[in-house]
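Now for the letters of each chain:
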Amino acid sequence: MSSNNGETKSGPLELSEVLYIETKDGGELPFEVVGILEDPDDGASYAVLMHEPQDDEAESEFIVTDLEGNLLEDDTLAQEILDEFLVFAEEAGEEGGDS
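Residues numbered from 1 in each chain as written. Predicted model: local features only at pLDDT ≥ 70, side-chain atom pairs only at ≥ 80, totals over all residues. Heavy atoms only, no water.

Now for the side chain of His51. The topology assignment puts His51 in strand β4 (residues 45-51). When residues no more than four places from it in sequence are discounted, the contact partners of His51 are Leu29, Pro30, Phe31, Ser60 and Glu61. (Helix = DSSP H or I, 4+ residues; strand = E, 2+ residues; numbered from the N terminus. Contact = heavy atoms within 4.5 Å.)

Here it is in structure tokens:
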């Protein structure tokens, strides 16, 4: 799986930006940046991207990248970042906030 947004990227990812991720079968799926998190320990920042399938029965898919759009190779770290994002999003939704 590789990322390709169809243009040369200059600078870090931003919220609402869309990356197209190539699938194993040669297709592409659009993933939108829905969150950017910073690790308070080392200062590294990560982007959480979501793909919403057209099929109402299918679940949304998430991926985690660095701010340049490169998929994280450390699955454990990626899962920790995603879990933190989902908790944050759930809490923001419960409070009625827009974050």
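Anyway, onward from the coordinates.
Before going further, it helps to examine the environment of Phe62. Assignment of secondary structure puts Phe62 in strand β5 (residues 61-66). Relative accessible area serves as the criterion here: at 29%, Phe62 is assigned to the partly exposed category. Separated by 17 residues in the primary sequence, Phe62 and Gln79 have C-alpha atoms spaced 9.9 Å apart. Setting aside anything within four residues of it in sequence, one finds Phe62 in contact with Phe31, Val34, Val48, Leu49, Met50, Leu82, Phe85 and Leu86. (Buried < 20%, exposed > 50% of the residue type's maximum accessible area, 1.4 Å probe, protein only.)

Another point: a negative patch on the surface. A surface patch of like charges, here negative, comprises Asp74, Asp75, Glu80 and Asp83. Relative to the helices and strands, Asp74 resides in the loop between β5 and α1 (75-94). Note on Asp74: relative accessible area 41%, which makes it partly exposed. (Patch = residues over 30% accessible without salt bridge, like charges linked within 9 Å, V, L, I, M, F, W, Y side chains within 5 Å. Areas by Shrake-Rupley, 256 points an atom, 1.4 Å probe, with all protein chains shown as cover. Salt bridge = Lys/Arg side-chain N within 4 Å of Asp/Glu carboxyl O. Lys, Arg positive; Asp, Glu negative; His and termini not counted. Charge placed at Lys NZ, Arg CZ, Asp CG, Glu CD.)

Considering all chains together, one arrives at one aromatic pair under this definition. When the centroid spacing of 6.5 Å and the interplanar angle of 55° are considered together, the rings of Phe62 and Phe85 count as tilted. With a gap of 23 residues between them, Phe62 in strand β5 and Phe85 in helix α1 connect regions that are remote in the sequence. (Phe/Tyr/Trp six-rings, centres within 6.5 Å; stacked < 30°, edge-to-face > 60°.)

It is worth spelling out the confidence of the model for the protein at this point. Mean pLDDT over the protein works out to 86, with 86% of the residues at or above the 70 mark. Mean pLDDT across the elements of the protein ranges from a minimum in strand β1 (residues 3-4), with 43, to a maximum in β4, with 97. Segment residues 1-8 is flagged for pLDDT under 50; beyond a separation of four residues in sequence, or across chains, it makes 15 contacts in the model. (pLDDT = per-residue confidence, 0-100.)

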